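If you want the building blocks of each chain, they are given just below.
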Amino acid sequence: MKIHSSIANLKMVIYVIIHRKTGCCYVGQTIRRLKDRIRQHCRSKKQFVDKIIRLEGRDAFEVGVLDICTSVKELDAREKYWTKYFNCTAPHGFNVVVGNNIPRSRCKTVICTTTGEKFQSLAEASLKLGIHEVCIERVCKGKRMSTHKLKFAFADEMKISRVVPKNYRRVLCLEDGVIYDSMSEASRKLNLPRNSIRKVCFGKQENVRGFHFVLIDVPVAERKIFKPAPDCRRRVRCIENGAEY
């Protein structure tokens with residue numbers, strides 16, 4: 001499925017994928033470069049058209065551009081228009097619904113809490129900031145602390161992430177009261193194995209050469225505490241000689 005160089009790098013477009021043999025088509029929209037969106041269709045298996053492309057092969061299709069838009073709202077409207085115009089909803093074509101079936105979370109107003117800037121949707125935030133929608137959505141849902149050093153939230157539900165980044169966990173050494181920016185820093189300055197410090201922080205080991213550590217960014221109630229295994233030793237008696245051990 002070759003894309004002409006004149007349209008390959010276009011963004012904010014309504015595109016059409018046409019099956020050469022039958023003339024059946026699929027109408028879609030993208031805020032990214034057209035070639036990136038088509039590449040995603042070829043690799044994915046989520047949509048009906050993706051499965052058809054895998055079944056028929058890429059060379060059985062050709063790609064064209066129907067409209068160039070200036071906003072996400074215009075993209076939605078023009079996609080619905082062209083979908084009805086070509087009558088490409090199943091079983092006549094490869095579109096499952098008329099227009100873009102956008103999840104409700106994609107339509108919520110997004111606020112960048114770092115800069116105070118407001119966006120009408122995830123798509124608009126992604127387009128203006130150059131950050132993938134999924135990354136912004138994960139921050140809004142509290143599954144990620146930030147992305148590209150920016151924090152986001154849905155306007156109607158301000159969720160705070162409790163996720164501690166894997167590569168940045170501040171640790172407190174209980175012996176000297178020093179807070180280290182990461183386990184690696186504590187390991188380097190105290191000359192202790194990093195993996196052992198990690199085990200202490202997550203309650204899998206009691207201490208490292210007498211040093212105790214806790215994750216400073218985790219609430220006290222949620223910190224892992226080492227619990228030694230119960231003593232399973234029992235006295236035994238040898239039947240032959242009556243000695244006890």
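Residues numbered from 1 in each chain as written. Predicted model: local features only at pLDDT ≥ 70, side-chain atom pairs only at ≥ 80, totals over all residues. Heavy atoms only, no water.

Enquirer: Help me out: how do you make sense of the overall build of the protein chain in this one?
Expert: Along the backbone of the protein chain there are 7 helices and 9 strands. Within the span of the protein chain, comprising 245 residues, buried residues form 37% of the whole. For the protein chain, contacts bridging at least 24 residues in sequence account for 44% of all contacts bridging at least 6. Per element, the accessible surface of the protein chain, about 15900 Å² overall, is 51% carbon and sulfur. (Helix = DSSP H or I, 4+ residues; strand = E, 2+ residues; numbered from the N terminus. Buried < 20%, exposed > 50% of the residue type's maximum accessible area, 1.4 Å probe, protein only. Contact = heavy atoms within 4.5 Å. Areas by Shrake-Rupley, 256 points an atom, 1.4 Å probe, with all protein chains shown as cover.)

Enquirer: Any chance you could explain the sheet that holds strand β3 (residues 61-68) here in plain terms?
Expert: The strands that make up a sheet pair up through hydrogen bonds in the backbone, lying either parallel or antiparallel. Spatial ordering of the open sheet is given by β2-β1-β3, a layout of 3 strands whose pairing is antiparallel. For this open sheet the edge positions go to β2 (25-30) and β3, each flanked by a neighbour on one side alone. Within this sheet the neighbouring strands show an average axis-to-axis angle of 25°, counted without direction. The strands touched by helix α1 (residues 34-43) are β1 (13-19), β2 and β3; relative to β1, the strand with the most contacts, the crossing angle is about 45°. Sheet contacts for helix α2 (residues 48-56): β1, β2 and β3; angle to β3, the most-contacted strand, approximately 150°. (Pairing = 2+ DSSP bridges. Axes fitted to C-alpha atoms, helices over the stretch in contact; angles between N-to-C directions.)

Enquirer: Can you walk me through the nonpolar core in this structure?
Expert: The nonpolar side chains of a soluble globular protein tend to be buried, and buried together. Formed by 16 residues in total, the largest nonpolar core has its most connected members in M1, I17, L34, I38, I53 and F61. Looking at this core, the elements that each hand over two or more residues are β1, α1, α2 and β3. Every residue in contact with F61, bar those within four places of it in the chain, is listed here: M1, I17, I18, H19, R20, I52, I53, E56 and F94. If you look at the next biggest cluster of nonpolar residues, it comprises 13 residues, including Y180, M183, L192 and V200. (Core = buried A, V, L, I, M, F, W, Y, C linked by side-chain atoms within 4.5 Å.)

Enquirer: Before we go on, may I ask you to explain the packing of aromatic side chains in this structure?
Expert: By convention here, two paired aromatic rings are described through the distance between centres and the angle between planes. Scanning the model with the defined rule gives 9 aromatic pairs in all. With a centroid separation of 5.3 Å and an interplanar angle of 75°, the aromatic rings of W82 and Y85 are classed as edge-to-face. Here Y85 and W82 lie together in helix α3 (residues 72-86), a separation of 3 residues that amounts to about one turn. Residue classification places W82 among the buried positions, given a relative accessible area of 15%. With relative accessibility at 53%, the residue Y85 sits in the exposed group. Here the aromatic residues Y81, W82, Y85 and F86 are joined through ring pairs into a cluster of three or more. (Phe/Tyr/Trp six-rings, centres within 6.5 Å; stacked < 30°, edge-to-face > 60°.)

Enquirer: Even after reading the chapter, I still don't get the side chain of H41, so can you show me in this structure?
Expert: By the secondary structure assignment, H41 is in helix α1. Not counting residues up to four positions away in its chain, the partners in contact with H41 are Y15, I17, Y26, Q47, V49, D50 and I53.

Enquirer: Can you help me understand the pattern of salt bridges in this one?
Expert: Pairing is possible between side chains that carry opposite charge, provided their charged atoms lie close to one another. Applying the stated criterion across every chain, the model contains 7 salt bridges. Through salt bridges with shared partners, one network takes in R33, D36 and R39. (Salt bridge = Lys/Arg side-chain N within 4 Å of Asp/Glu carboxyl O.)

Enquirer: Could you clarify how one ought to interpret helix α6 (residues 183-190) in this entry?
Expert: Within an α-helix, residues lying three or four positions from one another point in the same direction, as the helix has 3.6 residues per turn. Every buried residue of α6 is listed here: M183, E185, A186 and S187. Residues of α6 that are buried in the fold lie against β7 (171-173), β8 (179-180), α7 (194-201) and β9 (213-215). Phi turns positive one or two residues past the end of α6, at N191, with a value near 60°.

Enquirer: Explanation requested: the packing of helix α4 (residues 122-129) against helix α5 (residues 133-140) in the structure shown.
Expert: Any two packed helices are characterised by the angle at which their axes cross and by the distance between the axes. At a minimum axis distance of 9 Å, the contact between α4 and α5 shows a crossing angle of 120°. On the basis of the axis angle, α4 is oblique to α5. Crossing of α4 over α5 shows right-handed handedness. Where α4 abuts α5, its residues L122, A123, A125 and S126 lie against E133, I136 and E137. (Parallel < 35°, antiparallel > 145°, perpendicular 65-115°, else oblique. Left-handed = near helix turned anticlockwise from the far one by under 90°.)

Enquirer: Which parts of the structure should I look at to understand α2?
Expert: Looking at α2, one finds that the buried residues are V49, D50, I52 and I53. Looking straight down α2, one finds its buried side chains confined to an arc of 160°; they lie on one side. Where α2 is buried, its residues touch β1, β2, α1 and β3. The positive-phi residue at the C-terminal boundary of α2 is G57, with phi of around 95°. (Arc of directions from axis to C-beta.)

Enquirer: What should I look at first to understand the sheet that holds β7 in this one?
Expert: In space, the 3 strands of this open sheet follow the order β8-β7-β9, with antiparallel pairing throughout. Two strands in the sheet have a free side with no partner beyond their single neighbour: β8 and β9. Two elements, β7 and β9, share 3 bridges in a ladder whose sense is antiparallel. By the bridge assignment, V171 is partnered in β9 with L215. The strands touched by α7 within the sheet are β7 and β9, with β9 carrying the most contacts at an inclination of about 70°.

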